[in-house]
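# Examining the three-dimensional arrangement
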Amino acid sequence: MSPALAEQERNRRVLTEAGEGYRGPDGHIGFLLRQAQTAVRSAIERAIQPLGVTPAQLSLLSVLVHEGVVSSADLAKLAMMTAQSAGGVVQNMEKAGWVAREKARTHGRIIWLKLTAEGRRIAAQAQKRAGEIELEMLRGIDAATEATIRRWLVGCAKRFDKK
């Protein structure tokens, strides 16, 4: 081992904590956004795990709550997942009795997905728990600042969304 590396190893300190150095207010905004998203996702995962729901399932359930009936391809796109990933998650949700498939009447190749009564029930429970995490996220933020943050996030998504 080189003397410089040995010195560096001797002086090694604990990893940089969130909120400090490059992980703090002066860090790259994209990195900070990812750091926050990862922390929030982990909190939501812990909150919904007792229900037997994964974050991927919550994403798909939430889209189905809002869209009602949707094709597999559109469901994946709206949930920001690949078709392959969404397909595997949908299969598990179907086995759990949360979603049902129905052939389109006008086009034989399209299969519609919709929530079952059990799917609506589990979605409501999971969304309630995720909503509690979101409230915690926004604690101390006034309505005007929240609105600004929401507009900024939507603007980023629209600006960088692949068409």
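Please refer to the structure placed before this passage.
Criteria and thresholds
Residues numbered from 1 in each chain as written. Predicted model: local features only at pLDDT ≥ 70, side-chain atom pairs only at ≥ 80, totals over all residues. Heavy atoms only, no water. Helix = DSSP H or I, 4+ residues; strand = E, 2+ residues; numbered from the N terminus. Rg over C-alpha atoms; globule rule 2.2 N^0.38 Å. Buried < 20%, exposed > 50% of the residue type's maximum accessible area, 1.4 Å probe, protein only. Areas by Shrake-Rupley, 256 points an atom, 1.4 Å probe, with all protein chains shown as cover. Lys, Arg positive; Asp, Glu negative; His and termini not counted. Charge placed at Lys NZ, Arg CZ, Asp CG, Glu CD. Core = buried A, V, L, I, M, F, W, Y, C linked by side-chain atoms within 4.5 Å. Contact = heavy atoms within 4.5 Å. Salt bridge = Lys/Arg side-chain N within 4 Å of Asp/Glu carboxyl O. Phe/Tyr/Trp six-rings, centres within 6.5 Å; stacked < 30°, edge-to-face > 60°. Axes fitted to C-alpha atoms, helices over the stretch in contact; angles between N-to-C directions. Parallel < 35°, antiparallel > 145°, perpendicular 65-115°, else oblique. Left-handed = near helix turned anticlockwise from the far one by under 90°. Nonpolar A, V, L, I, M, F, W, Y, C, P; charged D, E, K, R; others polar.

## A word on the overall build of the protein chain
Looking only at helices and strands, the protein chain features seven helices and three strands. Shown N-terminal to C-terminal, the secondary structure of the protein chain runs as helices and strands in the order α-α-α-β-α-α-β-β-α-α. A globule of 163 residues ought to have a C-alpha radius of gyration of about 15 Å, yet the protein chain, at 21 Å, is considerably larger. Referenced to the eigenvectors of the C-alpha coordinate spread, the extents of the protein chain come out at roughly 70 × 45 × 35 Å. Counting all 163 residues of the protein chain, 26% fall into the buried class. Summed over all atoms, the accessible surface of the protein chain reaches about 11,900 Å², with 57% contributed by carbon and sulfur. Between the mean site of the 25 positive side-chain charges and the mean site of the 17 negative ones, the protein chain shows a separation of 7 Å.

## Some remarks on the nonpolar core
Counting residues in hydrophobic clusters, the biggest one holds 29 residues, and the most contacted among them are Val53, Leu58, Leu60, Leu61, Leu64, Leu75 and Met93. Counting only elements with at least two residues in this core, the list comes to α2 (29-48), α3 (55-67), α4 (72-78), α5 (83-95), β3 (111-115) and α6 (117-137). Leucine 61 has contacts with Val53, Met93, Trp98, Leu115, Gly119, Ile122 and Ala123, leaving out every residue within four places of it along the chain.

## Overview of the pattern of salt bridges
On inspection of all chains with the given rule, the structure shows six salt bridges. Linking glutamate 136 and arginine 139 is a salt bridge whose minimum nitrogen-to-oxygen distance equals 2.4 Å. Overall, glutamate 136 belongs to the partly exposed group, its relative accessible area being 43%. For glutamate 146, the salt bridge is made with arginine 150, and the minimal N-O distance between the two is 2.8 Å. Remark: arginine 150 and glutamate 146 occur in helix α7 (residues 143-160); sequence separation between them is four residues, near one turn of the helix.

## Describing the packing of aromatic side chains
Inspection of every chain in the model, using the stated rule, returns one aromatic pair. Arranged with centres 5.5 Å apart and planes meeting at 55°, the rings of tyrosine 22 and phenylalanine 31 form a pair that is tilted.

## Looking at the packing of α3 against α6
Where α3 meets α6, the axes come as close as 10 Å, and the angle between the chain directions of the two elements is 110°. With respect to α6, the element α3 is oriented roughly perpendicular. For the element pair α3 and α6, the recorded crossing hand is left-handed. Of α6, the residues touching α3 (which contributes Leu58, Leu61, Ser62, Val65 and His66) are Gly119, Ile122, Ala123, Ala126, Gln127 and Ala130. Classifying every residue of the contact of α3 with α6 by side-chain character gives seven nonpolar, four polar and no charged.

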